[in-house]
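A look at the structure
Each chain is listed here by its residues.
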Amino acid sequence: PISSLLNLQTRGVQDEGILQQFNEIKSRIRSMSLIHEKLYQSKEISLIDFASYIGTISKELFRNYYTGSAHPEFIIETDPVLLTIDQAIPCGLIINELLTNTFKYAFPPHWEGKPVIRLALRLSDGEKVLLSVSDNGVGIPSHIDHRTTSSLGLSLITMLTAQIGGEIRIDRAAGTSAIITFSAKQQ
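Definitions and limits used
Residues numbered from 1 in each chain as written. Predicted model: local features only at pLDDT ≥ 70, side-chain atom pairs only at ≥ 80, totals over all residues. Heavy atoms only, no water. Helix = DSSP H or I, 4+ residues; strand = E, 2+ residues; numbered from the N terminus. Buried < 20%, exposed > 50% of the residue type's maximum accessible area, 1.4 Å probe, protein only. Contact = heavy atoms within 4.5 Å. Areas by Shrake-Rupley, 256 points an atom, 1.4 Å probe, with all protein chains shown as cover. Phe/Tyr/Trp six-rings, centres within 6.5 Å; stacked < 30°, edge-to-face > 60°. Expected span 1.5 Å × (residues − 1). Core = buried A, V, L, I, M, F, W, Y, C linked by side-chain atoms within 4.5 Å. Pairing = 2+ DSSP bridges. Axes fitted to C-alpha atoms, helices over the stretch in contact; angles between N-to-C directions. Salt bridge = Lys/Arg side-chain N within 4 Å of Asp/Glu carboxyl O.

1. Considerations on the overall build of the chain
The secondary structure content of the chain amounts to five helices and seven strands. Along the chain direction, N to C, the helices and strands of the chain fall in the order α-α-β-α-β-β-α-β-β-α-β-β. Here the chain holds 187 residues, and the buried ones make up 45% of them. The long-range share in the chain, meaning contacts at least 24 apart out of those at least 6 apart in sequence, stands at 68%. When the accessible surface of the chain is summed, it comes to about 10,400 Å², and 53% of that surface belongs to carbon and sulfur atoms.

Printed below as a string of structure tokens:
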């Protein structure tokens, strides 16, 4: 219903910037609603199969951004990970923001090469979850600090990572890699 209202609101809007903002808002709403769908489908009402969620939401986002024939290779690697709703909603929004930033900025028209995007969800020692989104694109400029930027997307990622008691590391060695780790223990 909310996405339908946003679709109605965008009718007649000609400004590409405003349309993009509406689409990003719809994407965030979809990320949260999909968590609830997965929760209702779950056998264990308090835990969400996050690997399944990642597969669904990342493919939806990919289809939204890459409609033509030229698109990056998109690799998803997941371990079976169960998260509480208090972990899953922030993680879903983090993935939404990381992928959106990657899809929008990693491979500008002047970029050359074979574009690759990799999303991974790993369980380490049964105690830590490692979530990463990597690309081999142009990379986040070195002057941008995710902790102090005015960018809404990067600010959200930083805030949501703190909300789940996690840590974020940005690696700019070959494109951009955002690596988030947090405790897998249910609180």
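2. Here's the deal with the packing of aromatic side chains
By the definition in use, this model includes five aromatic pairs. With a centroid separation of 5.0 Å and an interplanar angle of 5°, the aromatic rings of F62 and F74 are classed as stacked. In this pair, F62 is assigned in helix 3 (residues 50–65) and F74 in strand 2 (residues 73–78), connecting sequence segments 12 residues apart. Aromatic side chains F107 and W111 sit 4.9 Å apart centroid to centroid with 70° between the ring planes, which places their arrangement in the edge-to-face category. Each member of the pair F107 and W111 is classed as buried.

3. Describing helix 4 (residues 85–105)
If you check helix 4, its first and last C-alpha atoms are 30 Å apart, about what 21 residues at 1.5 Å a residue would give, namely 30 Å. With 16 of 21 residues buried, helix 4 lies mostly within the body of the structure.

4. Here we look at the nonpolar core
Across soluble globular proteins, nonpolar side chains have a tendency to be buried as a group. Ranked by size, the top nonpolar core spans 40 residues in total, and within it F50 and L99 carry the most contacts. Those elements giving two or more residues to this core turn out to be helix 3, helix 4, strand 4 (116–124), strand 5 (128–135), helix 5 (152–163), strand 6 (167–171) and strand 7 (176–183). Considering each element in turn, this core owes the most residues, eight residues, to helix 4.

5. Re the sheet that holds strand 5
The strands that make up a sheet pair up through hydrogen bonds in the backbone, lying either parallel or antiparallel. Spatial strand order, 2-4-5-7-6: five strands in an open sheet with mixed pairing. Two strands lie at the open edges of the sheet, namely strand 2 and strand 6, each paired on one side alone. The average undirected angle you get between the axes of adjacent strands in this sheet is 10°. Pairing of strand 6 with strand 7 involves five bridges; the strand directions are antiparallel. In the sheet register, I168 faces strand 7, and the bridge partner there is I180. Strands strand 2, strand 4 and strand 5 of the sheet are contacted by helix 3, whose axis makes an angle of about 170° with strand 2.

6. Details of the pattern of salt bridges
Within this structure, the stated rule accounts for four salt bridges. Here E73 ties to K114 by a salt bridge, and the two come within 3.7 Å at their closest N and O atoms. With E73 in strand 2 and K114 in the loop between helix 4 and strand 4, this residue pair connects regions lying 41 residues apart in the sequence. On the basis of relative accessibility, which here comes to 57%, the residue K114 falls in the exposed class. Across the pair R122 and D79 runs a salt bridge whose closest N-O atoms are separated by 3.0 Å. Here the residue R122 occupies a position in strand 4, and D79 occupies one in the loop between strand 2 and strand 3 (82–84), the gap between them amounting to 43 residues.

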